Amino acid sequence: MKIKAIAKKFLQALGVLAIVLVLVGLGNWQLDRAHLVKETNAAAKVIDPKIYSLNELAAPTVALDSRNVNKQVAVSGFYIANFKAPLQSDSDGKVNDWEVALLQVDGSDPISGILVVRGLWADRLLNPEVAMSTKIDLVGNLQPHQNDDRADNVPGVISRLDSSVIVGLADVALYDGFIVAKSEKTRDGELVRERVVAKAPVSRVAGYYWQHISYVAIWWLMAAIVIYLPFYRRKVGQ
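Residues numbered from 1 in each chain as written. Predicted model: local features only at pLDDT ≥ 70, side-chain atom pairs only at ≥ 80, totals over all residues. Heavy atoms only, no water.

## Re the overall build of the chain
Part 1 of the reasoning: Helices and strands together make up the secondary structure of the chain, namely three helices and seven strands.
Part 2 of the reasoning: Ordered by position from the N terminus, the helices and strands of the chain form the series α-β-α-β-β-β-β-β-β-α.
Part 3 of the reasoning: By the burial criterion, 38% of the 238 residues in the chain qualify as buried.
Part 4 of the reasoning: Of all intrachain contacts in the chain linking residues separated by at least 6 positions in sequence, the fraction that spans at least 24 positions is 69%.
Part 5 of the reasoning: Carbon and sulfur atoms provide 60% of the accessible area of the chain, an area that totals close to 14,500 Å². (Helix = DSSP H or I, 4+ residues; strand = E, 2+ residues; numbered from the N terminus. Buried < 20%, exposed > 50% of the residue type's maximum accessible area, 1.4 Å probe, protein only. Contact = heavy atoms within 4.5 Å. Areas by Shrake-Rupley, 256 points an atom, 1.4 Å probe, with all protein chains shown as cover.)

## Observations concerning the pattern of salt bridges
Part 1 of the reasoning: Applying the stated rule across the entire model yields nine salt bridges.
Part 2 of the reasoning: Residue Asp106 pairs with Lys135 through a salt bridge whose shortest N-O separation is 3.2 Å. Of this pair, Asp106 sits in the loop between strand S3 (95-105) and strand S4 (112-120) while Lys135 sits in the loop between S4 and strand S5 (136-143), placing them 29 residues apart in sequence.
Part 3 of the reasoning: For Asp106, a relative accessible area of 37% corresponds to the partly exposed category.
Part 4 of the reasoning: Judged by its relative accessible area of 39%, Lys135 is partly exposed.
Part 5 of the reasoning: In the salt-bridge network here, residues are joined through shared partners; they are Glu99, Arg118, Glu184, Arg193 and Arg195. (Salt bridge = Lys/Arg side-chain N within 4 Å of Asp/Glu carboxyl O.)

## Structural notes on the pairing of S3
Part 1 of the reasoning: As judged from the ten bridges shared by strand S2 (residues 72-89) and S3, these two strands associate in the antiparallel manner. Directly across from Asn82, in S3, lies its bridge partner Ala101.
Part 2 of the reasoning: Connecting S2 to the next strand, S3, in antiparallel fashion are five residues, including Gly93 with a positive phi near 85°.
Part 3 of the reasoning: Here seven bridges tie S3 to S4, and the two strands are oriented antiparallel to one another. Note that in S4 the partner of Ala101 across the bridge is Val116. (Pairing = 2+ DSSP bridges.)

## As for the side chain of Asp162
Part 1 of the reasoning: Mapped onto the fold, Asp162 is located in the loop between S5 and strand S6 (173-186).
Part 2 of the reasoning: Residue Asp162 is classed as buried on the basis of its relative accessible area, which comes to 6%.
Part 3 of the reasoning: A polar side-chain atom of Asp162 sits 2.8 Å from a polar atom in the side chain of Ser164.
Part 4 of the reasoning: Dropping the residues within four chain positions of it, Asp162 is found in contact with Leu115, His145 and Gln146. (Polar contact = N/O pair within 3.5 Å; in protein donor to acceptor, adjacent residues only side chain to side chain.)

## With respect to the pairing of S4
Part 1 of the reasoning: Most of S4 sits inside the fold, with nine of its nine residues counted as buried.
Part 2 of the reasoning: Turn length for the S3-S4 hairpin, with the two strands adjacent in sequence and antiparallel, is six residues, and the turn residue Gly107 shows positive phi of about 75°.
Part 3 of the reasoning: Pairing between S4 and S6: five bridges, direction parallel. Within S6, the residue paired with Val116 across the bridge is Ile179.

## Points about a nonpolar patch on the surface
Part 1 of the reasoning: Residues Phe10, Leu11, Leu14, Leu17 and Leu21 make up a contiguous nonpolar surface patch of roughly 530 Å² in combined accessible area.
Part 2 of the reasoning: Note on placement: Phe10 falls in helix H1 (residues 2-45).
Part 3 of the reasoning: For Phe10, a relative accessible area of 52% corresponds to the exposed category. (Patch = residues over 30% accessible without salt bridge, like charges linked within 9 Å, V, L, I, M, F, W, Y side chains within 5 Å.)

## Describing the nonpolar core
Part 1 of the reasoning: Counting 22 residues, the largest nonpolar core has Leu54, Tyr79, Ile114, Val116, Leu138, Leu142 and Ile179 as its most contacted members.
Part 2 of the reasoning: When sequence neighbours within four positions are dropped, the list of residues in contact with Leu54 reads Val73, Ala74, Val75, Val105, Ile114, Leu142, Tyr175 and Ile179.
Part 3 of the reasoning: Leu102, Leu115, Val172 and Ala198 belong to the second-largest nonpolar core, a separate cluster that totals 18 residues. (Core = buried A, V, L, I, M, F, W, Y, C linked by side-chain atoms within 4.5 Å.)

## Comments concerning unusual backbone geometry
Part 1 of the reasoning: The amide bond that connects Asp109 to the next residue, Pro110, takes the cis arrangement and shows omega of 5°.
Part 2 of the reasoning: Along the chain, Pro110 falls in the loop between S3 and S4.
Part 3 of the reasoning: Non-glycine residue Thr61 carries a positive phi angle of around 65°.
Part 4 of the reasoning: Relative to the elements of secondary structure, Thr61 occurs in the loop between helix H2 (54-57) and S2.
Part 5 of the reasoning: Judged by relative accessible area, Thr61 falls into the exposed class, the value being 66%.
Part 6 of the reasoning: One non-glycine residue with positive phi stands out, namely Asn70, at about 75°.
Part 7 of the reasoning: Examined against the element boundaries, Asn70 turns out to sit in the loop between H2 and S2.
Part 8 of the reasoning: Looking at Asn70, the relative accessible area reads 29%, which means it is partly exposed.

That's the geometry; what it means functionally is another story.
Here it is, written out as structure tokens:
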């Protein structure tokens, strides 16, 4: 009987320990999410004046690091495809159709490409001299891919600013995210047109910082209660 009682208590202790470890682990996970939200939101507010080369901040087929969002990048290449991105909202909340081009990055190995917001769709005919053989030097802000569709994917139209929706349309390795062009130049000079300013990116991590912190407190409080309950039951039973 004593052996059975000891075995029962041992199993109960293991059960309590397992539950506590799970609850503490959930609290730690929630704490990591809180830190990620804080870092992402802070990075979106910081204005970094430096202009980086694209490959300093990103790589083809690799998820864009949230710490590099909204930083300025310079890249050269050739536009190999053009798309209409309907119902896009700028930083002022104004909704328009945007012109988006796929830029084949010059000198990339393997051949790679990234989406570039050039401006308003209504202004797409302003630079008829730009062809697939025209080398473009551009500077713009790096942005994360969009998750919500604004339209249907049909020929010449992309539903959202996301390289995953054009996989298969061009034989290039695609960068995650996109660039909102601030300036474009060819060997003949700068391409003058109205530029758009993208809306500040929203954290991909659901929830708010203090919301995650409150969940941390809840998970850890539950772990403390689970640890205390056996002692409480023993005290009440005496």
